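Residue-level listing of the chains:
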Number of protein chains: 2
Amino acid sequence: MLTKAWAAEFGPRGVRVNAVSRVVNGAEGVREPLAERVRRAVEELGYVPNQAARSLVTRRHDAVAVVIAEPETRVFADPFFALQLRGISKELTAHDSQLVLLLTEGRDDHARVGRYLAGGHVDGALVFSLHLDDPLPGLIQRAGVPTVFGGRPGWNGSAGDVLYVDSDNRGGARQAVRHLVGLGRTRIGHISGALDQTSAADRLDGYRDVMAGANPRLIVESDFTPAGGEHGMRELLDRCPDLDAVFAANDLAASGALRVLRERGLRVPEDVAVVGFDDMLPVAEQTEPPLTTVRQDIEEMGRLMARLLLRGLDRPDTDEDAEAAPNSVVLPTTLIRRASA
Amino acid sequence: MLTKAWAAEFGPRGVRVNAVSRVVNGAEGVREPLAERVRRAVEELGYVPNQAARSLVTRRHDAVAVVIAEPETRVFADPFFALQLRGISKELTAHDSQLVLLLTEGRDDHARVGRYLAGGHVDGALVFSLHLDDPLPGLIQRAGVPTVFGGRPGWNGSAGDVLYVDSDNRGGARQAVRHLVGLGRTRIGHISGALDQTSAADRLDGYRDVMAGANPRLIVESDFTPAGGEHGMRELLDRCPDLDAVFAANDLAASGALRVLRERGLRVPEDVAVVGFDDMLPVAEQTEPPLTTVRQDIEEMGRLMARLLLRGLDRPDTDEDAEAAPNSVVLPTTLIRRASA
């Protein structure tokens, strides 16, 4: 059975091309007799590995994967992702590169995403909304595709060797809380995001920078959703009924908090002042009252991620060129005053 | 310069793998001396072309592309697409196949989508929201990837050789208009969708089936959006101020129409009864008043599209098996009565 032999030799998924490539480039994992035969065939074909040829091979798809480490349902429910994708899409289209969005039902599917990335279908990947214990970064590293992260990845020692685009989450949170302090508020609560994400952890750090020594019961962990904001607000009011301000980690959570305050008959900002984060439109303008918030330019973050990746792909792959290498970018934030604080 | 020679021999995009494959399968387009060398290398490697091995090669990605023939901004603004993607995502995940969503800025990018599909990155494609003059179907056909369409494609002679999943748009429209007639309404307007889409054209046909001989000024073409529904409603009221009912081609357009009727001080349903199409939740329940509409199961359509495609991919590629071949599916619709008609 030649078919069976073929499958045994090359694996069930037709990896023979990879086998050739691995032998030529001196990697492990190919059994000797096959390696020998591949080497002979390669000589026969006149295939000579060489940097330029290699880069032709590795950058031939004109396609970039986008991975959002959230279930497909959240991707479509949270306008943050649509905005970031809009920036990415515009930049990739301007470079005639195809945006390939890899959707999943959840974290269990990330191994499959890793396989797709490793399969040689894209030139690089843009990855955002990572959570700390997600296997995705490891899978991406093993896949060997150039990657730019949206938001600083949280694992240790990452600073030097990963590229990311982020907002100044800690500085922005300080702006928000200082604004509340400037209004004379003293019992300022914080509804955080999911603390396994650096954006949430950094915003909590910014809150703590200003509120050093504050009662830890003024902090509730939430998840960046309107429902989470409602739940967090109820919890805060139960714990500290005399609360006079809230900093919510994003506008969606703030919109949920505003609903609960209204339900309880508390006036905003007279009784409780509220500040959000994102300046997500139209959400932040349509809340009742309109939301004071910390603006980050989400679409621009997407555009920069794509630009950094494409620049990295175009860069000759030599160590001497290290100074011209792209660097991670942290964008500044701005406080936008509306009626809620 | 070996690099140059390599590029001249194999093309600028590293197509050497395709060259091997084309020679083995006896296709045209490979120059003879190279073909000879490839043949020798292939013999050396013991590569034998064979149906099963070939299907292993062609079905090795465990990935399915989804192409929505609308700009990325509409994909994220219209919950219809999120719902259809939800069905697709669940079904593909259940089969451990990766959902690869190809986003574009607009129709100008469809040639690039065609190139990606032709590039051997996916096992098949699910394509929806096609417009009549879109080059995509031709590009997909040339790409040679198995495809299932969401909504009946509009080109001539398509019935026999394309697979699609659709709702009974014409029958559903008849249900809507008959319901309005049953309420005693006689001057029934129609705000259609974009008439270069079969879903819109079929719903208009259904309206005409019931309203044969109606004043053509009772029909305005629109585009399935809330803003389009507002504009269409204004136009209808300007043309026929004594209108007593409207059938809008989808719920989003109906929600826009309801806003305009409220603005003009017209009571729904007393002065003007309104029926939509989709039963898109929460939209249809949250309009003022809640919307009577024609339900189609959008998520189920997505799930069926994915199921049809996967079944086609698993099917042995023989003509004898034609009876077991999957067929296109048209799902029934149901009238859902709420307060608007």
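Residues numbered from 1 in each chain as written. Chains lettered and ligands numbered in written order. Predicted model: local features only at pLDDT ≥ 70, side-chain atom pairs only at ≥ 80, totals over all residues. Heavy atoms only, no water.

(A) Just the overall build of chain A, in detail. Tallying secondary structure elements over chain A gives 14 helices and 12 strands in all. Burial analysis of chain A (341 residues in total) assigns 54% to the buried set. Long-range contacts, defined here as pairs at least 24 residues apart, represent 71% of the contacts in chain A between residues at least 6 apart. (Helix = DSSP H or I, 4+ residues; strand = E, 2+ residues; numbered from the N terminus. Buried < 20%, exposed > 50% of the residue type's maximum accessible area, 1.4 Å probe, protein only. Contact = heavy atoms within 4.5 Å.)

(B) Main features of helix H10 (residues 198–210) of chain B. Compared with the 18 Å implied by 1.5 Å per residue over 13 residues, the 19 Å span of H10(B) between its first and last C-alpha is a close match. The inward-facing, buried residues of H10(B) contact helix H9 (169–182), strand E6 (188–192), strand E7 (219–221), strand E8 (245–248) and strand E9 (273–278) of chain B. (Expected span 1.5 Å × (residues − 1).)

(C) The side chain of A:Ser167, seen in detail. Residues and elements named next belong to chain A. Relative to the elements of secondary structure, Ser167 occurs in strand E5 (residues 163–167). One polar contact links Ser167 to Gln296, side chain to side chain, over a distance of 2.6 Å. The residues touching Ser167, leaving out its near neighbours within four places in the chain, are Gln296, Met301, Val330, Leu331 and Thr333. (Polar contact = N/O pair within 3.5 Å; in protein donor to acceptor, adjacent residues only side chain to side chain.)

(D) Molecular detail of the sheet that holds strand E9 (residues 273–278) of chain A. Residue and element names in this part refer to chain A. Pairing within the open sheet is mixed, and its six strands lie in the order E7-E6-E8-E9-E10-E12. Unpaired on one side and paired on the other, strand E7 (219–221) and strand E12 (334–336) mark the two borders of the sheet. Between one strand and the next, the sheet's axes are offset by a mean angle of 20°, whatever the strand orientation. Both E9 and strand E10 (residues 292–295) contribute to a ladder of four bridges, which runs parallel. (Pairing = 2+ DSSP bridges. Axes fitted to C-alpha atoms, helices over the stretch in contact; angles between N-to-C directions.)

(E) Spatial organisation of the sheet that holds strand E12 (residues 334–336) of chain B. All names here are of chain B. Taken in spatial order, the six strands line up as E7-E6-E8-E9-E10-E12 in an open sheet, and their pairing is mixed. Strands at the two margins of the open sheet, each flanked by one partner only, are E7 and E12. Across the sheet, the axes of successive neighbouring strands diverge by a mean angle of 20°, strand direction being ignored. Both E8 and E9 contribute to a ladder of three bridges, which runs parallel. For Phe247, the partnering residue across the bridge sits in E9 and is Val275.

(F) Spatial organisation of the side chain of A:Thr104. Along the chain, A:Thr104 turns up in the loop between strand E2 (98–103) and helix H7 (110–118). Among the residues examined, A:Thr104 registers a relative accessible area of 2% and is labelled buried. Contacts of A:Thr104, omitting those with residues within four sequence positions, involve A:Glu70, A:Pro71, A:Glu72, A:Asp109, A:His110, A:Val113, B:Ser89 and B:Gln98.

(G) Spatial organisation of the environment of A:Ala82. The topology assignment puts A:Ala82 in helix H6 (residues 79–94). A:Ala82 gets classed as buried once you look at its relative accessible area, which sits at 10%. Taking the C-alpha atoms as reference points, A:Ala82 and A:Gly302, separated by 220 residues in sequence, lie 9.9 Å from one another. Discounting chain neighbours no more than four positions away, the residues touching A:Ala82 are B:Glu72 and B:Phe76.

(H) Summary view of the packing of helix H6 (residues 79–94) of chain B against helix H14 (residues 298–314) of chain B. Residue and element names in this part refer to chain B. At their nearest, the axes of H6 and H14 sit 7 Å apart, and the two run at 40° to each other. Taken together, the axes of H6 and H14 lie oblique to each other. Crossing angle aside, the handedness with which H6 passes H14 is right-handed. Contact residues: Phe80, Leu83, Gln84, Arg86, Gly87, Ile88, Lys90, Glu91 and Leu92 in H6; Ile298, Glu299, Met301, Gly302, Arg303, Met305, Ala306, Arg307 and Leu310 in H14. (Parallel < 35°, antiparallel > 145°, perpendicular 65-115°, else oblique. Left-handed = near helix turned anticlockwise from the far one by under 90°.)

(I) Structural detail: the packing of aromatic side chains. Counting across every chain of the model gives five aromatic pairs over all chains. Pairing A:Phe76 with B:Phe76 gives two aromatic rings, centres 4.7 Å apart and planes at 5°, and the pair type is stacked. Of this pair, A:Phe76 sits in helix H5 (residues 72–77) while B:Phe76 is found in helix H5 (residues 72–77), placing the two residues in two different chains. For B:Phe76, a relative accessible area of 14% gives the class buried. (Phe/Tyr/Trp six-rings, centres within 6.5 Å; stacked < 30°, edge-to-face > 60°.)

(J) Spatial organisation of the pairing of strand E4 (residues 147–150) of chain B. All names here are of chain B. Of the two faces of E4, the one holding Thr147 and Phe149 and the one holding Val148 and Gly150 are both buried throughout. Across four bridges, strand E3 (residues 124–128) lies against E4 in parallel orientation. If you follow Ala125 over to E4, its bridge partner there is Thr147. Viewed along the sheet, the connection from E3 through helix H8 (residues 136–143) into E4 turns out right-handed. (Right-handed = clockwise from strand over helix to strand, strands pointing away.)

(K) Geometry of the nonpolar core. Counting residues in hydrophobic clusters, the biggest one holds 62 residues, and the most contacted among them are A:Leu101 and B:Leu101. Once residues within four sequence positions are removed from consideration, B:Leu101 is found in contact with A:Phe76, A:Leu99, A:Val100, A:Leu101, A:Leu103, B:Val66, B:Ile68 and B:Leu85. By size, the runner-up hydrophobic cluster in this structure holds 42 residues, among which are A:Val113, A:Val122, B:Ala125 and B:Leu136. (Core = buried A, V, L, I, M, F, W, Y, C linked by side-chain atoms within 4.5 Å.)

(L) Here's a closer look at the packing of H9(B) against H10(B). Residues and elements named next belong to chain B. Orientation of H9 relative to H10, taken along the N-to-C sense of each, is 40°, at an axis distance of 7 Å. Comparing their axes, H10 and H9 come out oblique. Here H9 runs over H10; the crossing is right-handed. In this structure, H9 contributes Asn169, Arg170, Ala173, Arg174, Val177, Arg178 and Val181 to the contact, and H10 contributes Ser199, Asp202, Arg203, Asp205, Gly206, Tyr207, Asp209 and Val210. Its residues assigned to classes, the contact of H9 with H10 shows five nonpolar, three polar and seven charged. (Nonpolar A, V, L, I, M, F, W, Y, C, P; charged D, E, K, R; others polar.)

(M) Structural context of unusual backbone geometry. The amide bond that connects A:Val268 to the next residue, A:Pro269, takes the cis arrangement and shows omega of 5°. Relative to the helices and strands, A:Pro269 resides in the loop between helix H12 (251–263) and E9. Cis peptide bonds are those with omega within 30 degrees of zero, and the linkage from B:Leu281 to B:Pro282 qualifies with 5°. Tracing the backbone shows B:Pro282 in the loop between E9 and helix H13 (283–286). You will see that B:Asp279, though not glycine, has its phi angle at about 55°, which is positive. Within the secondary structure layout, B:Asp279 lies in the loop between E9 and H13.

(N) Seen up close, the pattern of salt bridges. As enumerated under the stated definition, the model contains 52 salt bridges over all chains in all. Residue B:Glu72 is joined to A:Arg86 by a salt bridge in which the shortest nitrogen-to-oxygen separation is 3.7 Å. Within this pair, whereas B:Glu72 is found in helix H5, its partner A:Arg86 is found in helix H6, the two belonging to separate chains. The partner of B:Arg264 in a salt bridge is B:Asp238, with the nearest N and O atoms 3.8 Å apart. Of this pair, B:Arg264 sits in the loop between helix H12 (251–263) and E9 while B:Asp238 is found in helix H11 (residues 226–239), placing the two residues 26 residues apart along the sequence. Taking relative accessible area as the criterion, B:Arg264 reaches 38% and is therefore assigned partly exposed. The exposure class assigned to B:Asp238 is exposed, which follows from its relative accessible area of 55%. It is possible to trace a salt-bridge network through shared partners that takes in A:Lys90, A:Glu299, A:Glu300 and A:Arg303. (Salt bridge = Lys/Arg side-chain N within 4 Å of Asp/Glu carboxyl O.)

(O) Representation of the confidence of the model for chain A within the structure. Mean pLDDT over chain A works out to 84, with 78% of the residues at or above the 70 mark. Predicted confidence is poor over residues 1–30 of chain A, with pLDDT under 50, and the contacts of this stretch with residues over four places away or in other chains come to 45 contacts. (pLDDT = per-residue confidence, 0-100.)

(P) Region of interest: the environment of A:Ser222. All names here are of chain A. Mapped onto the fold, Ser222 is located in the loop between E7 and helix H11 (226–239). Overall, the relative accessible area of 10% leaves Ser222 in the buried class. The spatial distance from the C-alpha of Ser222 to the C-alpha of Gly232 is 6.2 Å, given a sequence separation of 10 residues. Discounting chain neighbours no more than four positions away, the residues touching Ser222 are Ile191, Ser192, Gly193, Ala194, Gly228 and Gly229. Here Gly228 takes part through its backbone oxygen, which lies 3.0 Å from a polar atom of the side chain of Ser222.

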